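# Breakdown of the fold
Listed here are the chains, written in short residue letters.
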Amino acid sequence: MSDNRETPLHQTIEAQADRIVKLERQLEARTAALDATVEEYARLKERLRAQQRELPQDRLQLPVLSWRKRVRKTAVLVGGRLLPRPAKRWIKRFWDPWAQPRRISAPVAITPRTRGIPTSTTFDVLCFSIIDWGFRWQRPQQLLSQFANAGHRVFIFRTTEFLAPGRATFAIQQMRENVWEITIAPPVMIDVYAGAIDPATMAWFPSLLDEMRRELDIVCAVSIVQVATWREAAVEARRRFGWKIVYDCMDEWDSFPGMKPQLLVAENLLVAEADVVTVSAQRLLDKWRGRNPRVELVRNAADFAHFTAPQSEHLLDDVKRPIAGYFGAIAPWFDVELLTRLAAERPQYSFVVIGGVFDVDVRPLENLPNVHLLGQQAYARMPAYLNDFDVCLIPFVVNEITAATDPVKFYEYISRGKPVVSTFMPELEPFGDLLYLAGDERDFLSKLDAAMTESDDALRMRRIDAARANTWTARADVMRSVIRDVHPKVSIIIVSYNNQELTRACIESVLRNSMYPSIEVIVIDNASSDGSAEMLSAMVDDRVRLILNRENAGFAAANNQGLHLATGKFLVLLNNDTVVPRGWLPRMLKHLEDPQVGLAVAVTNFSGNESRIPVPYATIEEMHPFAEQYMREHEGARFDIRVAAMYCVGMRRDVCALIGPLDEEFAIGMFEDDDYSHRMRLAGFRVVCMEDVYVHHIGQASFSKLVPAAYDALWKRNQAHFEKKWGMRWEPHRAR
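Residues numbered from 1 in each chain as written. Predicted model: local features only at pLDDT ≥ 70, side-chain atom pairs only at ≥ 80, totals over all residues. Heavy atoms only, no water.

## Digging into the overall build of the protein
Regarding its fold elements, the protein presents 24 helices and 25 strands. The buried share among the 736 residues of the protein stands at 54%. Taking contacts inside the protein between residues at least 6 apart in sequence as the whole, the part at least 24 apart equals 76%. Summed over its atoms, the accessible surface of the protein is roughly 31,900 Å², and 54% of this surface lies on carbon and sulfur atoms. (Helix = DSSP H or I, 4+ residues; strand = E, 2+ residues; numbered from the N terminus. Buried < 20%, exposed > 50% of the residue type's maximum accessible area, 1.4 Å probe, protein only. Contact = heavy atoms within 4.5 Å. Areas by Shrake-Rupley, 256 points an atom, 1.4 Å probe, with all protein chains shown as cover.)

This is how it looks when you write it as structure tokens:
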């Protein structure tokens, strides 16, 4: 009798001991997560201090949280995992740093300074964001990081904290190379889930955008909008500065919990107004493709290099194998009931769940001895956890939200070839041969057992190959491609005749400094004999096309060849003895968008008329800072000019079609620019000199090779042709 009474007691004691061991492990994991957070904070703080020491003393102070606020956030994070739900609800009423956007003190300095913020030679990205950069690492940060890696400067509007109104309109903080977070000081704070910006803030926004553009030297930019509340601000930026709008739709907001009707209205307007809509799932593509002519599927992906890096750390050594693992948010779409039943039915498997808990009751899982809830862990540790998983899980409720979800974790899981068992999510169907899709609970159990016994190395390699093909780098390449395609193409035509080093410098400067997303460079070589053909052939790529003439066709005829081949809406004729500075092309296009302007010429250091300006520099290296400053100081300025000399002129394709090609009777060159300018004015168009577009011009690099007598004879011949053609005397050019 005593043995029978002691056995249940013995079992109870063992169960309690197991429970204690499990809780200790969970506490250790959560403590490790807290330690990782504290370590990361210490590193960031030290890096920030080092950066601030390098800055001038009058540099704007960066709006960072004090250490007390950091500790407070950490306490909330850890307390959210350890405290019972009623206690959390009570505390959250008084102490939730993420509950609503809030003000922080305005910095002392009046405005930010561009010192310490390097310029870029490609277009900038202005992100109207849905989350702060430091929030859980996901699609927004992954894609924007790829833009930054490609050399684009990325400026992200902060969503949870704002400066108090005062002397500073905005403050800027660098988050990583080429990524800065912008904290603004609006009259009324912005709730990014509200669907609209308060009228007072919207009236203030144009001045903010203009100040940012000037202070940060934004010459050419694209707006990526992640939530429709920002719609009016992005549209205003496009109206004022021409910044195209990309709406990155990453979820089915119609069914998302907490979304306000006004946001859904704003999303419909944004989809119709955006220059391009990118979507993360096929269902979203089907939903929006009838509302916008350019909707592109840009699925989620994985950081393949991150998840396949060699792992020496084994974080789950103390967990009984085999392990079925999950990492990601534990939110309303996470099927707690399903996982509870799986764990109860398969006590021989350990279930490891990693992630923050959001509005979900996980107590049923906490009571199971083979379930290990490890809480939120650092993104840097995910590869090590994944390495220890035997099977990976996606136990999502299938509803309107998840039916339009392309789960990032799938791509991350298969980066290491792991078997994946998921509920039947429509967006995973295209990968059905790489994972186990389960229709119900019994099917899930069956698929889980099959995955645990899988031994197909070929299948494992196919998964890895699929992950390698579905990276964030590849997704960002697609986005850059659609951004390029929604910008009207510019065809830049360069005629070369010998002077190969000048030609090389010209083309390299165009490719490096144009900043504009969509250009083609068409080079027409007029039978050069100095090795130019070989040099140019080596430069041909997806942006450079080459035509090699067998004889010198002359300046006008060669440019006409280029104009005939050009596919751009805008056309630029550029001498091969020029060097263009950063941002010259976007500034030119602003003038060419004026329907009254037919032909526009840049200012330069060398020309025969008013387009020539005095310059202080002696070398090309000194030219670039001079040119950038001069163009900024003369923004938008232009004047009518009698002759647009063709060392650097731009026009629209429709205008060129109306006026016709250059007159090839001018033979090798000279006077074709006088002729074309005269024809432009006769057709009713303005011929202007753009004060805010500068190019360096060597001058007469080809004509200088003619002997004086031949040069004079060519001049007289072409002048006579011009005067006879138009029945008037040619007027010599005048300096300004």
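## Details of the sheet that holds strand β7 (residues 221–225)
Pairing in this open sheet of eight strands is mixed, and the strands run β5-β6-β3-β2-β7-β8-β9-β10 from one edge to the other. Edge positions in the sheet fall to β5 (170–176) and β10 (295–297), since each of these pairs with one other strand and no more. Geometrically, the sheet is characterised by an average inter-axis angle of 25 degrees between neighbouring strands, direction not taken into account. Bridge analysis of strand β8 (residues 244–249) against strand β9 (residues 276–279) gives four bridges, and the strand direction is parallel. Each residue of the ladder has a partner; that of Val 246, found in β9, is Val 276. Seen against the sheet, helix α4 (residues 139–149) touches β2 (124–128), β3 (154–157), β5, β6 (179–184), β7, β8 and β9 and runs at an angle of roughly 155 degrees to β3. With respect to the sheet, helix α16 (residues 472–486) is in contact with β7, β8, β9 and β10, its orientation differing from that of β9 by roughly 165 degrees. (Pairing = 2+ DSSP bridges. Axes fitted to C-alpha atoms, helices over the stretch in contact; angles between N-to-C directions.)

## Regarding the environment of Ala 602
Within the element layout of this structure, Ala 602 appears in strand β22 (residues 597–604). Sequence separation between Ala 602 and Met 646 is 44 residues; the distance between their C-alpha atoms is 9.4 Å. Beyond its immediate sequence surroundings of up to four residues, Ala 602 is in contact with Ser 611, Tyr 647, Cys 648, Met 690, Val 693 and Val 695.

## Overview of the pattern of salt bridges
Once their charged atoms are close, side chains differing in charge can pair, the charge on each being opposite to the other. All told, the structure shown has 49 salt bridges when counted by the stated rule. Between Glu 161 and Arg 102 there is a salt bridge; the shortest N-O distance is 2.8 Å. Remark: Arg 102 occurs in strand β1 (residues 102–104) and Glu 161 occurs in strand β4 (residues 161–163); sequence separation between them is 59 residues. We note a salt bridge from Arg 462 to Asp 433, for which the minimum N-O separation is 3.1 Å. A residue pair is termed long-range when its members are at least 10 positions apart, and Arg 462 in helix α15 (residues 457–469) and Asp 433 in the loop between β15 (420–423) and β16 (436–438) qualify at 29 residues. Counted as one network, the salt bridges with shared partners bring together Arg 102, Asp 132, Arg 158 and Glu 161. (Salt bridge = Lys/Arg side-chain N within 4 Å of Asp/Glu carboxyl O.)

## Examining helix α17 (residues 500–513)
Here α17 is 14 residues long and its end C-alpha atoms lie 20 Å apart, about the 20 Å a rise of 1.5 Å per residue gives. Those residues of α17 not exposed but buried are Gln 500, Thr 503, Cys 506, Ile 507, Ser 509, Val 510 and Asn 513. Just downstream of α17, Met 515 is the residue with a positive phi angle, here 70 degrees. (Expected span 1.5 Å × (residues − 1).)

## Brief notes about unusual backbone geometry
Where the residue is not glycine, phi is negative for most of them; where a peptide bond is considered, it is trans in most cases. In this model, Arg 321 is joined to Pro 322 through a cis peptide bond whose omega is 0 degrees. Checked against the element boundaries, Pro 322 lands in the loop between α9 (304–307) and β11 (323–327). Backbone geometry places Asp 217, a non-glycine residue, at a positive phi of 55 degrees. Mapped onto the fold, Asp 217 is located in the loop between α5 (199–215) and β7. You will see that Asn 499, though not glycine, has its phi angle at about 50 degrees, which is positive. By secondary structure assignment, the location of Asn 499 is in the loop between β17 (490–496) and α17.

## Quick word on the packing of helix α6 (residues 231–241) against helix α7 (residues 261–273)
One can describe the packing of α6 onto α7 by two numbers: an axis separation of 10 Å at closest approach and a directional angle of 25 degrees. The orientation of α6 relative to α7 falls into the category roughly parallel. Note that α6 runs across α7; the crossing there is left-handed. Counted together, Arg 231, Val 235 and Arg 238 of α6 and Ala 266, Leu 269, Leu 270 and Glu 273 of α7 form the full contact between these two elements. (Parallel < 35°, antiparallel > 145°, perpendicular 65-115°, else oblique. Left-handed = near helix turned anticlockwise from the far one by under 90°.)

## Points about the sheet that holds strand β13 (residues 371–375)
What the six strands build is an open sheet, ordered β13-β12-β11-β14-β15-β16; its pairing is parallel. The strands lining the two open edges of the sheet, one partner per strand, are β13 and β16. Here the average twist between neighbouring strands, direction ignored, is 25 degrees. Seen against the sheet, helix α14 (residues 441–452) touches β11, β12 (350–354), β14 (391–394), β15 and β16 and runs at an angle of roughly 165 degrees to β16.

## Details of the environment of Ser 255
In this structure, Ser 255 sits in the loop between β8 and α7. Take Ser 255: its relative accessible area is 32%, and that puts it in the partly exposed class. For the pair Ser 255 and Thr 402, spaced 147 residues apart in the sequence, the C-alpha separation amounts to 9.8 Å. The residues contacting Ser 255, other than those within four sequence positions of it, are Glu 400 and Ile 401.

## Notes on the confidence of the model for the protein
Averaged over every residue, the pLDDT of the protein is 87; the share at 70 or more is 82%. pLDDT under 50 marks residues 53–73. Its contacts with residues more than four places away, or in other chains, come to 41 contacts. In this model residues 107–115 is a low-confidence stretch, pLDDT under 50, and it forms 30 contacts with partners more than four residues away in sequence or in other chains. (pLDDT = per-residue confidence, 0-100.)

## Structural notes on the pairing of strand β20 (residues 570–575)
Here β20 lies mainly inside the structure; six of its six residues are buried. Residues Phe 570, Val 572 and Leu 574 point to one face of β20 and Leu 571, Leu 573 and Asn 575 to the other, with burial holding for every one of them. In the sheet, β17 pairs with β20 via six bridges, with the strands oriented parallel. Bridged to Ile 492 within β20 is Val 572. As paired strands, β20 and strand β24 (residues 648–652) are joined by five bridges and run antiparallel to one another. Counterpart to Leu 571 in the pairing with β24 is Met 651.

## Side note on the pairing of β24
Remark: a regular strand shows side chains that alternate across the two faces of the sheet. Of all the five residues making up β24, five are buried; the element is thus mostly covered by neighbouring parts of the structure. Of the two faces of β24, the one holding Cys 648, Gly 650 and Arg 652 and the one holding Val 649 and Met 651 are both buried throughout. Bridge analysis of β22 against β24 gives two bridges, and the strand direction is antiparallel. Each bridged residue has a counterpart across the sheet, and for Val 601 the counterpart in β24 is Val 649.

## Notes on the environment of Glu 345
Structurally, Glu 345 can be placed in helix α10 (residues 336–345). Put simply, Glu 345 and Leu 445 are 100 residues apart on the chain and 8.2 Å apart in space, counted from C-alpha to C-alpha. Apart from residues lying up to four places away in sequence, Glu 345 is in contact with Arg 442 and Leu 445.

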